[in-house]
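Spelled out, the chains give:
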Amino acid sequence: MEYLWAFLIGGTFCAIGQVLIDLTAMTPAKILVTYVVSGVVLGALGVYEPIVELAGAGATVPLTGFGYNLAKGVRKAVTEDGLIGSLTGGLEACAGGITAAVIFALIAAIVFGRGDKTRRTRRSVLRS
Amino acid sequence: MKLTESEYGKLAKRRAPGTKLYKTIPMAFLVGGLICCVGQAILDLYKSLGITADMAGTLTSVSLVFLSAVLTGFGLYDKIAKHAGAGTLVPITGFANAVVSPAMEFKTEGYVLGVGAKIFIIAGPVIVYGLAASALYGIILFAMQAG
Amino acid sequence: MSRYTGSGTVVLDSTPSVVSFGSAVGKMEGAGPLGSCFDYVSEDSAFGENTWEKAESRLQQHAFEQALIRGSISEGDISFVFAGDLLNQCTGSAYSMRNNGARFIGLYGACSTMAECLALASVFADSGVGSLNAALTSSHFCSAERQFRFPETYGGQRTPTAQWTATASGCAIIGAHSAPPYVKAVTIGTVKDLGIKDANNMGAAMAPAAYDTIKTHLETLGRTPEDYDLILTGDLGYVGSDLLYDLFMQDGVKLGERHNDCGKMIFDREKQDVHAGGSGCGCSASVLCGHILPRIRSGELKNVLFTATGALMSTTLVQQGESIPGIAHCVHLSFSDNTL
């Protein structure tokens, strides 16, 4: 049952994103910013928590979940440490994901060659 | 024959083929939903190992980011994304793809000015406005608690 | 001698010849409908180089070399090279020319550059300036993507109106009147902007410029579309071509039968999934030099109005919310040297 909800809710978040791409002039970058900010707002208002409880990863994996996590982190930090928590709580909660993205990106840059969309078949050997 | 900008704009709109919504939206739903299910499976796996819910959540994010980085590295993520659209854009794997792909692309401009400087060229705004919104929330929350 | 008739049109009375031509393309273009026409097809989209920028310069050199080989011309015989590409500061051309001694004139007209180069090389030749002048342009999908759009491995969706930058290059060498194809007249266009802001719909941004320049050319010289076997636009793609027909239709002129577009010809729309067609200043150059010029030389085509079109935008101006100006230039290529 949990997987069904994860699929349905996660899929719905993505389908809404697709509607925005196809029917508005919004660029993908603007859509992602909207998602993350909406996540913060919904998290702050306490609306997102029930969705997470229902759908699990279906609510935490989309970028709104990233925003929700930021809000959750700030709430915890402000409650424990006061005003300074508004500056520390967000990044603390998302540190794992962001740092992982940076580190894996660095490794990918070192390990992999350049991408090439024009190469439809398997990687061919470079010929000079 | 002279056309005004708005007349030409209308003409151009009529001639622009529309996106096939009946294809793109279900695909985004399907792929996005599946990525979330993979996330759920990973989350359940960590939980079954006795890891706390918070830490399991973080580990799930890290795992999905890793999977996305590998798929991006092999040039597979963009192939899936071509069909999935927002289905691969909205999940955290899309965020990872947005960080990994410029790192790979701008390697030719060096590790500092290429990879280092351009790594957030796409994903940067997400972090900037996510943090800004959360800091603002923190201030409001503090004011409310103090009041 | 070149004769200026006003309205941007120059009649080349000596009818200089396209003495040689060459083309080079990448793998995807080689697999397209015109694949067998091109002189050089590379299986390797990096052309043996370690950056996409150098790959584009190498590609351009291949087209230049193919033109020299076909005409049995040595590099030293070339007086001026008019060359251009899509990269910032025109580096694709500058770097391809850095190791040869040709007098280099770098030009930028976005995807209209081949017509711009061809027009100037022809006017120079017609005026007796330089014995052999080359017109040379290139574009490379990967170097263009990283400059104008996204990294190669980024998972983005292209819109249905987006065009695919061709990895292609073409070179035409213009000399004094000798054998067909001849260059009879050129029309330099004006910058036209009808308010299109979508950088993924360049066909729509360029169609008004194509309409304006073709119309000016026809009116100035007192001709109709029927005087040409082919009106060949460069890179309007499917969307821009339809809009061009619409614009001519409002004057009661049916252009469709005489018209084709390099962006529609170079790829197979369905099989190669290129959405609204090909683009890039190498697209029109390679189609012209690989497919059209040989057919004019053989007499299969008598009169061709080559009209390359360019979207004169930059990512900065698009981000600032400006609309996209377009430009088009016409070059009349002919099998015969009589008047028309």
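First, a word on scope: everything that follows refers to the structure included in this document.

Criteria and cut-off values
Residues numbered from 1 in each chain as written. Chains lettered and ligands numbered in written order. Predicted model: local features only at pLDDT ≥ 70, side-chain atom pairs only at ≥ 80, totals over all residues. Heavy atoms only, no water. Helix = DSSP H or I, 4+ residues; strand = E, 2+ residues; numbered from the N terminus. Rg over C-alpha atoms; globule rule 2.2 N^0.38 Å. Contact = heavy atoms within 4.5 Å. Areas by Shrake-Rupley, 256 points an atom, 1.4 Å probe, with all protein chains shown as cover. Lys, Arg positive; Asp, Glu negative; His and termini not counted. Charge placed at Lys NZ, Arg CZ, Asp CG, Glu CD. Buried < 20%, exposed > 50% of the residue type's maximum accessible area, 1.4 Å probe, protein only. Salt bridge = Lys/Arg side-chain N within 4 Å of Asp/Glu carboxyl O. Pairing = 2+ DSSP bridges. Buried area = accessible area lost by both parts, 1.4 Å probe. Nonpolar A, V, L, I, M, F, W, Y, C, P; charged D, E, K, R; others polar. Disulfide = S-S within 2.5 Å. Polar contact = N/O pair within 3.5 Å; in protein donor to acceptor, adjacent residues only side chain to side chain.

## A closer look at the overall build of chain C
When helices and strands are counted, chain C shows 10 helices and 15 strands. Against the globule reference of 20 Å for 340 residues, chain C gives a C-alpha radius of gyration of 18 Å, in line with a compact fold. C-alpha atoms of chain C, sized along the principal axes, occupy 55 × 50 × 35 Å. For chain C, the share of sequence-separated contacts (at least 6 apart) that also reach a separation of at least 24 residues comes to 78%. As displayed, chain C offers around 11000 Å² of accessible surface, 50% of which is attributable to carbon and sulfur atoms. Averaging the locations of the 23 positively and 35 negatively charged side chains of chain C gives two centres separated by 2 Å.

## Some remarks on the overall build of chain A
The helix and strand tally for chain A stands at 6 helices and 0 strands. Walking chain A from its N terminus toward its C terminus, one meets helices and strands in the order α-α-α-α-α-α. Over its C-alpha atoms chain A spans a radius of gyration of 19 Å, topping by over 25% the 14 Å that the globule rule assigns to 128 residues. Along the longest, intermediate and shortest principal axes, the C-alpha atoms of chain A span 65 × 35 × 35 Å. Counting every position in chain A, which comprises 128 residues, the buried fraction comes to 48%. Long-range contacts, defined here as pairs at least 24 residues apart, represent 51% of the contacts in chain A between residues at least 6 apart. Working note: accessible area of chain A is about 6100 Å², and carbon and sulfur atoms make up 69% of it.

## Notes on the side chain of C:Lys184
Looking at the secondary structure, you find C:Lys184 in strand E10 (residues 182–187). Of the side chains bearing the opposite charge, C:Asp337 lies closest to the buried C:Lys184, which forms no salt bridge; the N-O distance is 6.8 Å.

## Quick word on the environment of B:Tyr77
Residues and elements named next belong to chain B. Looking at where Tyr77 falls in the secondary structure, it is placed in helix H4 (residues 77–84). Look at Tyr77 and you get buried, because its relative accessible area is 3%. When the C-alpha atoms of Tyr77 and Ser101 are compared, they prove to be 9.7 Å apart, with 24 residues separating the residues in sequence. Leaving out residues up to four positions away in the same chain, Tyr77 has contacts with Ser68, Leu71, Thr72, Thr88, Thr93, Gly94 and Asn97.

## Quick look at the pairing of strand E7 (residues 132–139) of chain C
Residue and element names in this part refer to chain C. The buried fraction of E7 is high, at 8 of 8 residues. Burial along E7 is two-sided: Leu132, Ala134, Leu136 and Ser138 and Asn133, Ala135, Thr137 and Ser139, pointing in opposite directions, are all buried. Note: strand E5 (residues 80–84) against E7, 5 bridges, orientation parallel. Among the inter-strand pairings, Phe82 is bridged to a residue of E7, identified as Ala135. Relative to strand E9 (residues 168–175), E7 is paired through 8 bridges, and the arrangement is antiparallel. Bridge pairing in E9 links Ser138 to Ser169.

## So, the interface of chain C and chain B
Accessible area lost on assembly of the parts is the figure often given for the size of an interface. Chain C puts 32 residues into the contact, and the matching count from chain B is 31 residues. Between chain C and chain B, the buried area comes to about 2700 Å², and carbon and sulfur atoms account for 57% of it. The residue C:Asp246 makes a salt bridge to B:Arg15 at a minimum N-O spacing of 2.7 Å. If you list the elements that add at least two residues to the side of chain C that touches chain B, you get helix H6 (202–221) and helix H7 (237–249) of chain C. Its residues assigned to classes, the side of chain C that touches chain B comprises 14 nonpolar, 10 polar and 8 charged.

## What to know about the pattern of salt bridges
Two side chains with opposite charge may pair up if their charged atoms get near one another. With the rule as written, the count across this model stands at 17 salt bridges over all chains. B:Lys82 is the salt-bridge partner of C:Asp273, the closest N and O atoms lying 2.0 Å from each other. Of this pair, C:Asp273 sits in the loop between helix H8 (262–265) and strand E13 (278–279) while B:Lys82 sits in helix H4, each in a different chain. Its relative accessible area of 31% is what places B:Lys82 among the partly exposed residues. Linked by salt bridges that have partners in common, B:Glu105, B:Glu109, C:Glu53 and C:Arg146 make up one network.

## Section: the side chain of C:Asn201
Within the secondary structure, C:Asn201 sits in the loop between E10 and H6. On the accessibility criterion, C:Asn201 (7% relative accessible area) is buried. For C:Asn201, the contacting residues outside a window of four places in its chain are B:Ala16, C:Thr161, C:Ile196 and C:Val239.

## Concerning the state of the cysteines
All names here are of chain C. Considering all chains together, one arrives at 0 disulfides over all chains under this definition. In this structure Cys111 is not part of a disulfide, and its nearest cysteine sulfur, from Cys281, lies 6.0 Å away. Cysteine Cys283 is unpaired, with the sulfur of Cys262 as its nearest cysteine sulfur at 5.7 Å. For Cys283, a relative accessible area of 0% puts it in the buried group.

## Some points on the interface of chain A and chain B
Contacts between chain A and chain B engage 63 residues on the former and 63 residues on the latter. Interface of chain A and chain B: buried area, both sides summed, is about 5400 Å²; carbon and sulfur atoms make up 79% of it. Between chain A and chain B we count 1 salt bridge in total. Here B:Asp54 and A:Lys72 are joined by a salt bridge, their closest N and O atoms 3.6 Å apart. Taken together, chain A and chain B are joined by 11 residue pairs in polar contact (both at pLDDT 80 or more). Those elements giving two or more residues to the side of chain A that touches chain B turn out to be helix H1 (2–23), helix H2 (28–44), helix H4 (57–60), helix H5 (63–81) and helix H6 (85–111) of chain A.

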